[in-house]
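Remarks on the overall topology
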Amino acid sequence: DAKTTQPPSMDCAEGRAANLPCNHSTISGNEYVYWYRQIHSQGPQYIIHGLKNNETNEMASLIITEDRKSSTLILPHATLRDTAVYYCIVRVRAAGNKLTFGGGTRVLVKP
Amino acid sequence: EPEVTQTPSHQVTQMGQEVILRCVPISNHLYFYWYRQILGQKVEFLVSFYNNEISEKSEIFDDQFSVERPDGSNFTLKIRSTKLEDSAMYFCASSLDVDYGYTFGSGTRLTVV
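Residues numbered from 1 in each chain as written. Chains lettered and ligands numbered in written order. Predicted model: local features only at pLDDT ≥ 70, side-chain atom pairs only at ≥ 80, totals over all residues. Heavy atoms only, no water.

Proteins that are soluble and globular tend to have nonpolar side chains buried together. Membership of the largest hydrophobic core comes to 22 residues, with the highest contact counts inside it found for Leu20(A), Trp35(A), Ile47(A), Leu73(A), Tyr86(A) and Val107(A). Mapped by element, the contributors of at least two residues to this core are β1 (9-13), β2 (18-23), β3 (31-38), β4 (45-50), β6 (61-64), β7 (70-75), β8 (84-92) and β9 (105-110) of chain A. It is β8(A) that provides the largest number of residues to this core, a total of four residues. Those residues in contact with Leu20(A) that lie beyond four places of it in its chain are Met10(A), Trp35(A), Ser71(A), Thr72(A), Leu73(A), Tyr86(A) and Val107(A). Core analysis: the second largest hydrophobic core is formed by 21 residues, Ile26(B), Phe49(B), Phe75(B) and Ala88(B) among them. (Core = buried A, V, L, I, M, F, W, Y, C linked by side-chain atoms within 4.5 Å. Buried < 20%, exposed > 50% of the residue type's maximum accessible area, 1.4 Å probe, protein only. Helix = DSSP H or I, 4+ residues; strand = E, 2+ residues; numbered from the N terminus. Contact = heavy atoms within 4.5 Å.)

Here it is, written out as structure tokens:
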């Protein structure tokens with residue numbers, strides 16, 4: 001699976017949009033971009049995934065660049081409960097294929 | 001919303017003892033996983049399980065580890081002879097299909113003394 005690079009930490013203001021970048025310059029054509037988050041020591045929580053088109057769900061939006069070498073997760077209106085470590089993971093879409101977690105971005109939402 | 005349930009939430013065991021960590025995946029899910037996270041470190045993949053057999057396992061998942069889906073609802077991780085370095089949070093996860101994200105349980109904190 002391709003490696004990803006994320007900033008180690010970032011702050012954002014409550015109520016504002018949080019834009020979390022991820023670089024995955026070695027991504028291959030059959031690899032998807034997945035985002036998960038981990039709040040404190042809880043189990044990771046799936047947020048969203050995509051291949052090349054932008055995706056949106058009730059939690060977030062995922063913007064993938066045309067060359068697919070980077071992506072941005074957007075939390076449209078960050079709340080204090082969004083404080084967590086956010087993981088960008090590139091993964092082949094295959095049965096049982098594992099997720100490889102890196103260090104992620106520690107996001108602190110401030111009042 | 002459906003959940004992955006893990007029991008116990010915390011288990012303390014003596015070094016050398018066997019432990020079984022239990023998970024109830026979401027009922028219609030087909031793919032099952034175990035991950036672990038040592039305190040302060042990354043989440044690490046242990047094993048994936050599909051169609052009643054292991055699909056993939058990591059280097060961590062050596063002969064001391066085994067998984068089983070004994071009755072079609074439970075999914076267990078057994079550590080035969082625990083070591084101090086097995087102390088970690090163990091997460092079970094399941095997914096419906098490859099197009100879906102995983103749902104993780106809240107974890108079992110294993111402490112080996």
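Turning next to the pattern of salt bridges. In total, this model carries five salt bridges over all chains according to the counting rule given. Two residues, Asp11(A) and Lys110(A), come together in a salt bridge whose shortest N-O distance is 3.0 Å. Highlighted residues: Asp11(A) in strand β1 and Lys110(A) in strand β9, separated in sequence by 99 residues. Classification of Asp11(A) by relative accessible area gives partly exposed; the value is 46%. Its relative accessible area of 39% is what places Lys110(A) among the partly exposed residues. Note that Glu56(B) is salt-bridged to Lys98(A), the shortest N-O span being 2.9 Å. Here the residue Glu56(B) occupies a position in strand β6 (residues 53-57), and Lys98(A) occupies one in the loop between β8 and β9, the pair thus bridging two chains. The class of Glu56(B) is partly exposed, set by a relative accessible area of 25%. Using a relative accessible area of 24% as the deciding quantity, one classes Lys98(A) as partly exposed. (Salt bridge = Lys/Arg side-chain N within 4 Å of Asp/Glu carboxyl O.)

Residues and elements named next belong to chain B. When you line up the elements, Lys-57 lands in strand β6. Classification of Lys-57 by relative accessible area gives exposed; the value is 51%. Between the alpha carbons of Lys-57 and Lys-42 there is a distance of 17 Å; along the sequence they are 15 residues apart. Look past the residues within four positions of Lys-57 in its chain and what remains in contact with it is Phe-45, Leu-46 and Val-47.

Next up on the list: the packing of aromatic side chains. By the definition in use, this model includes 18 aromatic pairs over all chains. With centroids separated by 6.4 Å and ring planes inclined at 45 degrees, the aromatic side chains of Tyr32(A) and Tyr34(A) adopt a geometry described as tilted. In this structure Tyr32(A) comes out as buried when scored by relative accessible area, which is 16%. The interplanar angle of 70 degrees and the centroid separation of 6.4 Å between the aromatic rings of Tyr36(A) and Tyr102(B) together place this pair among those described as edge-to-face. Highlighted residues: Tyr36(A) in strand β3 and Tyr102(B) in the loop between β9 (88-95) and β10 (103-104), drawn from two different chains. Tyr102(B) shares its class with Tyr36(A); the two are buried. (Phe/Tyr/Trp six-rings, centres within 6.5 Å; stacked < 30°, edge-to-face > 60°.)

All names here are of chain B. Here strand β3 (residues 19-24) shows a clear split, with Val-19, Leu-21 and Cys-23 buried on one side and none of Ile-20, Arg-22 and Val-24 buried on the other. Inspection of the sheet shows strand β1 (residues 5-7) paired to β3 by three bridges, in the antiparallel sense. Its bridge partner being in β3, Gln-6 is matched across the sheet by Cys-23. Of the pairings in the sheet, the one linking β3 to strand β8 (residues 75-79) comprises five bridges and is antiparallel in character. Residue pairing for β8: Cys-23 is matched across the bridge by Phe-75. (Pairing = 2+ DSSP bridges.)

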